[in-house]
Structures are given as C-alpha cells and as structure tokens.
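Observations on the three-dimensional arrangement
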Amino acid sequence: MAQNKDNSRREFIKSASIAIAGLTLLGGGVSYYNKVAGPQFTRQPRFLRPPGAIDEETFVYACIKCGLCVQICPVEAIKLADLDEGLDYGTPYIDVREQACDFSCDSLQCVETCPTAVLDFNPFELAGGEALKEYSKTHDATKPGFNPFSVQIVAMKSIVKMGIAKVNEESCLAHQGKGFKGNPRAANFEGIYRSPDSNSGKPSPLSDKTFDREICDLCVTECPIGETAIIMANDNKTGMIIPQVLDGCTGCGVCVMVCPTKKESIIIEPIKEESHV
Ligand code: SF4
Ligand code: SF4
Ligand code: SF4
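Residues numbered from 1 in each chain as written. Chains lettered and ligands numbered in written order. Predicted model: local features only at pLDDT ≥ 70, side-chain atom pairs only at ≥ 80, totals over all residues. Heavy atoms only, no water.

**Overview of helix α6 (residues 122–138)**
- The end-to-end C-alpha separation of α6 is 26 Å, in line with the 24 Å expected for 17 residues at 1.5 Å each.
- Of all the residues in α6, the buried ones are Phe-124, Ala-127, Gly-128, Ala-131 and Leu-132. For α6, the angular spread of buried residues about the axis comes to 135°, placing them on one side. Among the exposed residues of α6, those oriented more than 90 degrees off its buried face are Glu-125, Leu-126, Lys-133 and Lys-137.
- The secondary structure elements touched by the buried residues of α6 are α5 (109–113) and α7 (148–158). (Helix = DSSP H or I, 4+ residues; strand = E, 2+ residues; numbered from the N terminus. Expected span 1.5 Å × (residues − 1). Buried < 20%, exposed > 50% of the residue type's maximum accessible area, 1.4 Å probe, protein only. Arc of directions from axis to C-beta. Contact = heavy atoms within 4.5 Å.)

**Some thoughts on the environment of Pro-148**
- Within the fold, Pro-148 resides in helix α7.
- By relative accessible area, which is 31% here, Pro-148 ends up partly exposed.
- In this structure the C-alpha to C-alpha distance between Pro-148 and Ala-131, which are 17 residues apart in sequence, comes to 9.6 Å.

**Observations regarding the nonpolar core**
- Grouped together as the largest cluster of nonpolar side chains are 58 residues, with contacts concentrated most on Phe-59, Leu-119, Met-162 and Ile-266.
- In terms of residue count, helix α9 (residues 254–258) provides more of this core than any other element does, five residues in total.
- The residues touching Ile-266, leaving out its near neighbours within four places in the chain, are Ala-165, Lys-166, Val-167, Cys-219, Ile-230, Cys-255, Val-256 and Cys-259. (Core = buried A, V, L, I, M, F, W, Y, C linked by side-chain atoms within 4.5 Å.)

**Some remarks on the sheet that holds strand β1 (residues 47–48)**
- Read across the open sheet, the three strands follow the order β1-β3-β2; overall the sheet is antiparallel. One side of each edge strand has no neighbouring strand; the edge strands of this open sheet are β1 and β2 (78–80).
- Where β1 and strand β3 (residues 92–95) come together, two bridges link them in antiparallel fashion. Within β3, the position partnered with Phe-47 by the bridge is Asp-95. (Pairing = 2+ DSSP bridges.)

**A few points about the packing of aromatic side chains**
- Taken as a whole and assessed by the stated rule, the structure comprises three aromatic pairs.
- Plain terms: the ring middles of Phe-47 and Tyr-93 are 4.7 Å apart, the flat faces sit at 45° to each other, and that makes the pair tilted. With a gap of 46 residues between them, Phe-47 in strand β1 and Tyr-93 in strand β3 connect regions that are remote in the sequence. With respect to class, Phe-47 is no different from Tyr-93; both count as buried. (Phe/Tyr/Trp six-rings, centres within 6.5 Å; stacked < 30°, edge-to-face > 60°.)

Geometry only, nothing functional implied.
See below:
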C-alpha cells in the first residue's frame, strides 16, 4: 500500500491546491471549458461517484473539491479527477477496477463527512432509523452490549446505488463453464478489500489471496452485500451455473475488482439521472 499512501498524499495535495486557488470558481471554469471549448474526454464507465452522490449536474457545481471524502476512506477508493478523466476536474470518483468501495468503513464515512451534502447522508440516516425502529419491535434494543449501529448499517448499505453490476456473457468464465485457480489479478495489484471470509474483519490485499473454484464465482463469494445482490443461479437456456445480479446490488464494484479475466467480465453501469443513493 506504499504507493497507495503516496496516491493519498497526492490526492490531498491536489485537493489543498484546489482549495487554495479558490477552486469553486476554477472548477466551474474548467467545467465550462470542457463543455464548450476544450477536449472532450470520455468518462470511463467504471468511474463512479461515491455513495450518496446527488444528481450529476448539481454534484459537479456544488462539490467544493475539498477532498475530505478522499481522506476518510479506509481503502482509499476515492480519487479526485484529473483533467483527462472525462469528469469535472477535482471532483471525487471511484475507479472500481483499481480500488472498489468495500464498505469496510462500516458507516459510509465518506457520506457522513461531506460538508456540502453533495454526498447526501439524509436517506441513510432515515433508513438506519427505520431499521432500528423495526428491530425494536421484536428485540430489546436497550439490552446492555447491543450496538444499534449493527442494525442501522445493514439498512444504510442496502440503499446505496452507485450503479448496478452487469455480467459480460462473452468473457465470463462461468458462462463458458470454466473455473478459476490462483490469484485473480497481477502480482503487483494494489487493491485491498475486506473479504466476507476474513477473520480479522479488516481489509487486506487481494494479491495475498488465492482461489480454487471449479466454476468461477469470485464476483459472488466476494460481494460485501451477499445474496440480495448477486447469486450463482442456473441459466434456463444453457443449464450453466452463472452469476445473476439482483436488485440489492449497490454498485460497489468489489466484483469488478476481483474478476480474474484480463478485461473485467463484470462492469458497473452507473446510475445516470437519479442520485447515487
Ligand atoms: S462507503 Fe466506501 S467509499 Fe465511502 S468511505 Fe466507506 S469504503 Fe470508502
Ligand atoms: S468473477 Fe468474472 S469470470 Fe468469474 S463468474 Fe464473475 S464475472 Fe464471471
Ligand atoms: S454484485 Fe455485489 S460486489 Fe458487485 S457491485 Fe453489486 S453489491 Fe457490489
């Protein structure tokens, strides 16, 4: 993670420079330049806004590019856009193939910390409150040792919608009836995540993990949301056991990061018009 730490410092320096230069104005200017006169860079589909992002148009004008969401994320998933990334300069994004949001902050810290609410915490707070109310109907929520947040965070994560995963049938190993053995990415891959089978509960490097699967199902077993988001299911047409994405997918991108095919066989389709709650 040494290079990731350097990246983090670079992101911080970038956000500080942006702030010092009065960047709300400059950001607006750059947006205008990109839209009207400058080079048109294409946004990579795998670049997503962080959880809780409001609609894109308001987001790019109201985000003050302070970089606080970048600083708080424990897996350093969030970066600030450079000029050539097809996003408005200095705005935060997640490149899920390189480093997905694995929810290991356990409290949507990037959303909570956003000072302008372009990452909007309100819907999460409401969902968490409702979940606790429901829980209290059948459990004693005042019992010593009970942590209300353990109930709230499940509900909060479940309404994140950064996008929705989509499997490429042409290249997905499971769709060809193939398994996978080994480490899914290059030996020097720096991405980290909290695997669902981790004993420590902490994120660790994907490069430290090896898998041995008769039929590839890494996108399913490593998903931090679980069976409401993605399952292995029988394909009625071919009889193959294949990954099937369900409505509970949050678009976090862990499946994209762990997919072992050279070019990822699962992508996240961003949510375009609505907020990314
Ligand atoms: S919700 Fe995801 S992107 Fe945001 S701080 Fe937590 S791990 Fe990072
Ligand atoms: S990890 Fe990739 S190759 Fe494996 S089943 Fe999922 S999409 Fe297919
Ligand atoms: S399928 Fe799971 S890992 Fe993939 S984006 Fe959806 S919630 Fe995240």
